[in-house]
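Observations on chain architecture
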2 protein chains.
Amino acid sequence: MMVCMNSPAFSPAAALAGQATPGGVPDAGVNAADGAVVPEPGPELLRRAVAVRRSATALGQCGDQQRQAAVLAMAEALEAGQAEILAANQADLADAVAGGLAPSLVARLKLDAAKLAGAIEGVRQVAALPDPLGRRQLHTELDQGLVLERVTVPLGVLGVIFEARPDAVMQIASLAIRSGNGALLKGGREAQRSCAAIHAALRQGLTGTGVDPAVLELLTSRQESLAMLRLDGLVDLIIPRGSNALVRFIQDNTRIPVLGHADGVCHLYVDRQVDLSQALRIALDAKTQYPAACNAIETLLVHRAVAPAFLALAVPAFAAAGVDLRGDAEAMALGVPSAARDDDWRAEYSDLILAVRLVDDLDQALEHIRLHGSRHTEAICTTDPTAADRFLAAVDSAGVFLNCSTRFADGFRYGFGAEVGISTQTLPPRGPVGLEGLVTYRYRLRGDGHIAADYVSGARRFSHCPLPL
Amino acid sequence: MMVCMNSPAFSPAAALAGQATPGGVPDAGVNAADGAVVPEPGPELLRRAVAVRRSATALGQCGDQQRQAAVLAMAEALEAGQAEILAANQADLADAVAGGLAPSLVARLKLDAAKLAGAIEGVRQVAALPDPLGRRQLHTELDQGLVLERVTVPLGVLGVIFEARPDAVMQIASLAIRSGNGALLKGGREAQRSCAAIHAALRQGLTGTGVDPAVLELLTSRQESLAMLRLDGLVDLIIPRGSNALVRFIQDNTRIPVLGHADGVCHLYVDRQVDLSQALRIALDAKTQYPAACNAIETLLVHRAVAPAFLALAVPAFAAAGVDLRGDAEAMALGVPSAARDDDWRAEYSDLILAVRLVDDLDQALEHIRLHGSRHTEAICTTDPTAADRFLAAVDSAGVFLNCSTRFADGFRYGFGAEVGISTQTLPPRGPVGLEGLVTYRYRLRGDGHIAADYVSGARRFSHCPLPL
């Protein structure tokens, strides 16, 4: 499961450099926070990017078993290189602690034997996932002897920018190879030695398999990771694993498609006609089970008619769970202890804080979500089938849930086996993105001397006859 | 069929303003060509964009028949408003001619009774296309009583920027409504009155149907169309129908996804083992049948072994067709009359010009395409199945063709009924984009009190059991 961290004190250019800001400065003026300029790619970066692209083209033509074997070989090499990886991580950790890195970032940076074993097990699981390539999505006879098919193929080369977490390198690298893609990887500066050791093991693993180790490249300098944003034509998708501000900075500075989400402001609406104790159970889970996750709720909308009864249960239950409730005037009149301000309705707390608002009806709840939501995941608790259907049809988020927790919005829980991240973009891939998000398709047309002029003149006509997939 | 025009004398900001440049200036410095700055959206634009979004949300919940009826009503209203539309177009034409607009642009601007009738027939055909919405793509029982589905839904709101052509307004508006999307439309300034008359008819047609006419909005000022690029959250996809430079300018100035293609540098490779007369027929069609189209070839690669025989036929045939061949030294030695310079290998001529290069083998052809291609469409002529398979697997363009003309790379010819355009992006939608490109998907999860904590604790386990689609 990917947890979408949002560090409020963020400098995008520093993050691109892999330099987490322990103290940090306010997030205003992202583009120019520290005057970061996206430089032209230098010859060395171009050389390496071209090498990755070339190897990726070969990788894309490897069969299912070759790619599966390559990922398993990566897992074995990680096991063999365990001592080096853990030692490198120890060195990174010592520097980070000495440098005063925030404890939460130190925790993310840390890679002990158990965490490494878990990550290696994850790599093996990725190897076992069904092949996302070569699936025929469309098959049409355009005319006699002229047959069109659309098949899934790799994207080509991924550009991945991480903040501190070294384990993400293993996860993304295995997903990339499984789906036939090369990758340029840029880890956080704090994790520099850890990433280098992991990268060395991964390439060592690929040596001797059908996959050229050059297909995985590690970028180490800030200038390189900034310049990567200009490699359109060589890099097909940028995957930023970091804060909202990092994603926005990247979106504003590249023509390459960016897979990422900006905000996770999820809502739970408790309808008039509802199973109160079930709704409370869901609300508590959606807020407290892991409040730092992007699929945790930030706002609770309660139908006016049910609010007295629901809040009588919910206010003490949330208090017992350590949740700071912030309500509108009416919610406060029903026991919510603190007042919500205007900006609470758009806040992604990522913490044990929950905004509470009373609404007149379902329409007002929908309007609130339309105005303040981030199109991530919203849920309704109701026993009224009409209200359920309307909510499921009207909310245009990536996930719309009925009578269950928003915390299920996750690639593993959806059954995808592994995920690249969660996208709040409207276009596919959207929501939790698995291997499927790392492939595209290609049209193949096979003819026997067919030319367009014959169809323009009317000498021949298209049949457009569907063929079996 | 969409023809991807490339006007060499382009000012993106002028095009956004709908102001085609009759004389024009060189295309250098696109971003700052005339110092265009993307302004903050004003209150009036925001008000209208919010109204479109709100109506689009309602439209997205209309059923297949309602949307079909709405598109048919649009066609009827266009017929009823024919006199007004033609008169408005006459007025636009008179001004354009008086203002010295280039003849090719005047031709695109012109809407006579026959062209209008054809466009209205196109609107009816869009109504008849199968519904792209509500298709279930995934259906999984995550656990007993917890069922996930993924269904296709509209994108929301399209932002469409045209150059001169008023008929495109009818085509895109009908595609938008059929797929449940609202649209902000910005036509060329030369077509201002034509677009206004068409827009009025379209809204008139929607009046009395189940679709709010406010779902189609026409922008008229340059400032509005520039500011639209900042409406992320209100606009879900920008569709620029214009030149490469327009597409690039837009990509560089918005976070909203852009559907468009930058270049169409298509290749035909004539392999060693080949049916010479078939290859020549295909080469002639791919270059000359409509040279202004983006799917016409710009470069011909010929295997050295077959070059003497092939060029002996091809040089006179292309000369007879009025094609200016530009070759490398070896091609010139075999009769190609002009010399190709380095920039010929990347040129999108959109004209009766063709670059010709000899290659040692298939690998060198693949390398040439990798270096110089635009990933649009490439074709091979060969009777060798091994070479065919290698080419079809190794070329990473949106279309890869065997023994047929690249001119088939087109939504109508692929059987999509209508197309929004052709995308050379790597991510889907890619290649010719039909109605399917105007939809996305949403995950719906229905439970009965399911919470994540139970799966974290191990009290419950996911079944991930596939259900019928």
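Refer to the structure presented above.
Right, let's walk through the structure included here. (Residues numbered from 1 in each chain as written. Chains lettered and ligands numbered in written order. Predicted model: local features only at pLDDT ≥ 70, side-chain atom pairs only at ≥ 80, totals over all residues. Heavy atoms only, no water.)

Details of the overall build of chain A
From N to C terminus, chain A includes 16 helices and 17 strands. Principal axes of the C-alpha set define a box for chain A whose edges measure 75 × 70 × 40 Å. Burial statistics for chain A: of 469 residues in total, 60% are counted as buried. Pairs at least 24 apart in sequence give 74% of the contacts found in chain A among residues at least 6 apart. As displayed, chain A has an accessible area near 16,400 Å², and 54% of this comes from carbon and sulfur atoms. Considering chain A, the positive charge centre built from 42 side chains and the negative charge centre built from 51 side chains are found 4 Å apart. (Helix = DSSP H or I, 4+ residues; strand = E, 2+ residues; numbered from the N terminus. Buried < 20%, exposed > 50% of the residue type's maximum accessible area, 1.4 Å probe, protein only. Contact = heavy atoms within 4.5 Å. Areas by Shrake-Rupley, 256 points an atom, 1.4 Å probe, with all protein chains shown as cover. Lys, Arg positive; Asp, Glu negative; His and termini not counted. Charge placed at Lys NZ, Arg CZ, Asp CG, Glu CD.)

Quick look at the sheet that holds strand 9 (residues 324–327) of chain B
Strand order in this open sheet of 11 strands is 17(A)-1(A)-2(A)-16(A)-13(B)-12(B)-7(B)-8(B)-11(B)-9(B)-10(B), and the pairing throughout is mixed. Two strands bound the open sheet, and with one partner strand each, they are strand 17 (465–466) of chain A together with strand 10 (338–339) of chain B. As paired strands, strand 8 (residues 297–303) of chain B and strand 11 (residues 353–359) of chain B are joined by five bridges and run parallel to one another. Paired with Val302(B) across the bridge in strand 11 of chain B is Leu358(B). (Pairing = 2+ DSSP bridges.)

Thoughts on the sheet that holds strand 5 (residues 216–219) of chain A
Residues and elements named next belong to chain A. The strand order 5-4-3-6 describes an open sheet built from four strands, whose pairing is parallel. With partners counted over all chains shown, the strands left at the sheet margins are strand 5 and strand 6 (237–241), one partner each. Each strand of the sheet is rotated relative to its neighbour by a mean of 20°, with strand direction disregarded. By the bridge criterion, five bridges tie strand 3 (residues 157–162) to strand 4 (residues 182–186) in an arrangement that is parallel. In the sheet register, Gly159 faces strand 4, and the bridge partner there is Leu184. With respect to the sheet, helix 10 (residues 244–252) is in contact with strand 3 and strand 6, its orientation differing from that of strand 6 by roughly 160°. (Axes fitted to C-alpha atoms, helices over the stretch in contact; angles between N-to-C directions.)

Description of the interface of chain A and chain B
Each partner contributes to the interface: chain A provides 75 residues, whereas chain B provides 76 residues. Counting the surface lost from both chain A and chain B, the interface buries some 6,800 Å², and carbon and sulfur atoms represent 53% of this. The interface formed by chain A and chain B holds 12 salt bridges in total. Ionic pairing is found between Arg150(A) and Glu436(B), a salt bridge with its closest N-O pair at 3.1 Å. Here the side of chain A that touches chain B gets 12 residues from one element, more than from any other, and that element is strand 16 (residues 439–450) of chain A. Along the lines of polarity and charge, the residues of the side of chain A that touches chain B split into 37 nonpolar, 16 polar and 22 charged. As defined by bridge partners, strand 13 (residues 399–404) of chain A adjoins strand 16 (residues 439–450) of chain B across five bridges and the pair is classed as parallel. The partner of Leu402(A) across the bridge, within strand 16 of chain B, is Arg446(B). (Buried area = accessible area lost by both parts, 1.4 Å probe. Salt bridge = Lys/Arg side-chain N within 4 Å of Asp/Glu carboxyl O. Nonpolar A, V, L, I, M, F, W, Y, C, P; charged D, E, K, R; others polar.)

So, the relation of the copies chain A and chain B
The two copies are related by a screw operation: chain A maps onto chain B through 180° of rotation and 0.0 Å of translation along the axis, at an RMSD of 0.1 Å. Read as a symmetry element, the transformation amounts to a two-fold axis. Both copies contact each other with a shared surface, as 100% of the interface residues of chain A are interface residues in chain B too. (Least-squares fit on C-alpha atoms with pLDDT ≥ 70 in both.)

Concerning helix 10 (residues 244–251) of chain B
Among the eight residues that make up helix 10 of chain B, seven are buried, leaving the element largely enclosed by the rest of the structure. Within helix 10 of chain B the residues assigned to the buried category are Asn244(B), Ala245(B), Leu246(B), Val247(B), Phe249(B), Ile250(B) and Gln251(B).

Concerning the packing of aromatic side chains
Within the structure shown, the criterion is met by 14 aromatic pairs over all chains. Consider the rings of Phe416(A) and Tyr443(B), whose centres lie 6.1 Å apart with planes at 50°: the pair is tilted. Of this pair, Phe416(A) sits in the loop between strand 13 and strand 14 (421–423) while Tyr443(B) sits in strand 16, on two different chains. Judged by its relative accessible area of 15%, Phe416(A) is buried. Among the aromatic residues, those joined into a ring-pair cluster are Tyr414(A), Phe416(A), Tyr441(B) and Tyr443(B). (Phe/Tyr/Trp six-rings, centres within 6.5 Å; stacked < 30°, edge-to-face > 60°.)

Some details on the pattern of salt bridges
Residue and element names in this part refer to chain A. Tallied over the entire structure, the rule returns 66 salt bridges over all chains. Arg48 is the partner of Glu224 in a salt bridge, and the nearest nitrogen-oxygen pair spans 2.5 Å. A residue pair is termed long-range when its members are at least 10 positions apart, and Glu224 in helix 9 (residues 222–228) and Arg48 in helix 2 (residues 43–59) qualify at 176 residues. By relative accessible area, Glu224 is classed as buried at 13%. Owing to a relative accessible area of 10%, Arg48 belongs among the buried residues under this scheme.

Focus on the side chain of Asp131(B)
Residue and element names in this part refer to chain B. Within the fold, Asp131 resides in the loop between helix 6 (113–128) and strand 1 (136–143). In terms of polar contacts, Asp131 uses its side chain to reach the backbone amide nitrogen of Leu133, at 3.1 Å. Setting aside anything within four residues of it in sequence, one finds Asp131 in contact with Asp64, Arg67 and Arg178. (Polar contact = N/O pair within 3.5 Å; in protein donor to acceptor, adjacent residues only side chain to side chain.)

A few points about the pairing of strand 8 of chain B
All names here are of chain B. A large share of strand 8 lies buried, amounting to seven of its seven residues. Sheet analysis places strand 7 (residues 266–270) next to strand 8, joined by five bridges and oriented parallel. Bridge assignment links Tyr269 to a residue of strand 8, and that residue is Leu301. In this region the chain leaves strand 7, passes through helix 11 (residues 276–288) and returns to the parallel neighbour strand 8; the handedness of that crossover is right-handed. (Right-handed = clockwise from strand over helix to strand, strands pointing away.)

Section: the environment of Leu142(A)
Take Leu142(A): it is sitting in strand 1 (residues 136–143). Note: C-alpha distance between Leu142(A) and Leu445(A) (303 residues apart in sequence) is 9.2 Å. The contact partners of Leu142(A), leaving out residues within four places of it in the chain, are Leu148(A), Leu445(A), Arg461(A), Phe462(A), Ser463(A), His464(A), Arg413(B) and Tyr414(B).

Describing the packing of helix 3 (residues 64–80) of chain A against helix 7 (residues 167–178) of chain A
Residue and element names in this part refer to chain A. In the contact formed by helix 3 and helix 7, the axes pass within 9 Å of each other and the chain directions differ by 160°. On the basis of their axis angle, the class for helix 3 and helix 7 is roughly antiparallel. Crossing geometry of helix 3 relative to helix 7 is assigned as right-handed. On the side of helix 3, the interface is formed by Asp64, Arg67, Gln68, Ala70, Val71, Met74 and Leu78, while helix 7 contributes Met170, Ala173, Ser174, Ile177 and Arg178. Taken together, the residues of the contact of helix 3 with helix 7 break down into seven nonpolar, two polar and three charged. (Parallel < 35°, antiparallel > 145°, perpendicular 65-115°, else oblique. Left-handed = near helix turned anticlockwise from the far one by under 90°.)

Observations regarding the state of the cysteines
According to the stated counting rule, one finds zero disulfides over all chains in the structure shown. Free of any disulfide, Cys266(A) has its nearest neighbouring cysteine sulfur in Cys294(A), separated by 6.9 Å. (Disulfide = S-S within 2.5 Å.)

Some words on the side chain of Thr152(B)
Residue and element names in this part refer to chain B. Within the secondary structure, Thr152 sits in strand 2 (residues 146–154). For Thr152, a relative accessible area of 8% gives the class buried. Of note is the side chain of Thr152, whose polar atom sits 2.8 Å from the backbone oxygen of Pro132. Residue contacts for Thr152: discarding those within four places in its chain leaves Pro132, Leu133, Gly134, Arg135, Gln137, Val439, Thr440 and Tyr441.

Quick look at the environment of Leu427(A)
Structurally, Leu427(A) is set in the loop between strand 14 and strand 15 (431–433). The residues touching Leu427(A), leaving out its near neighbours within four places in the chain, are Leu155(B), Asp236(B), Leu237(B), Pro257(B), Pro429(B) and Thr440(B).

What to know about helix 6 (residues 113–128) of chain A
The periodicity of an α-helix, 3.6 residues per turn, causes residues three or four positions apart to be oriented the same way. Residues and elements named next belong to chain A. With 16 residues, helix 6 should reach 22 Å at 1.5 Å per residue; the first-to-last C-alpha distance of 23 Å fits that figure. For helix 6, the complete set of buried residues consists of Leu116, Ala119, Ile120, Val123, Val126 and Ala127. Along the long axis of helix 6, the arc covered by the buried residues comes to 110°, so they all point the same way. For helix 6, the exposed residues lying more than 90 degrees away from the buried face are Ala114 and Ala128. Buried residues in helix 6 make contact with helix 3, helix 4 (82–98) and helix 7. (Expected span 1.5 Å × (residues − 1). Arc of directions from axis to C-beta.)

Focus on the pairing of strand 7 (residues 266–270) of chain A
Among the five residues in strand 7 of chain A, five count as buried, and that is most of the element. Residues Cys266(A), Leu268(A) and Val270(A) point to one face of strand 7 of chain A and His267(A) and Tyr269(A) to the other, with burial holding for every one of them.

Quick notes on unusual backbone geometry
In this structure, Pro429(A) follows Pro428(A) across a cis peptide bond, with omega equal to -5°. Unusually for a residue other than glycine, Arg375(B) sits at a positive phi of about 60°. Within the element layout of this structure, Arg375(B) appears in the loop between helix 14 (362–372) and strand 12 (377–381). Judged by its relative accessible area of 14%, Arg375(B) falls in the buried class.

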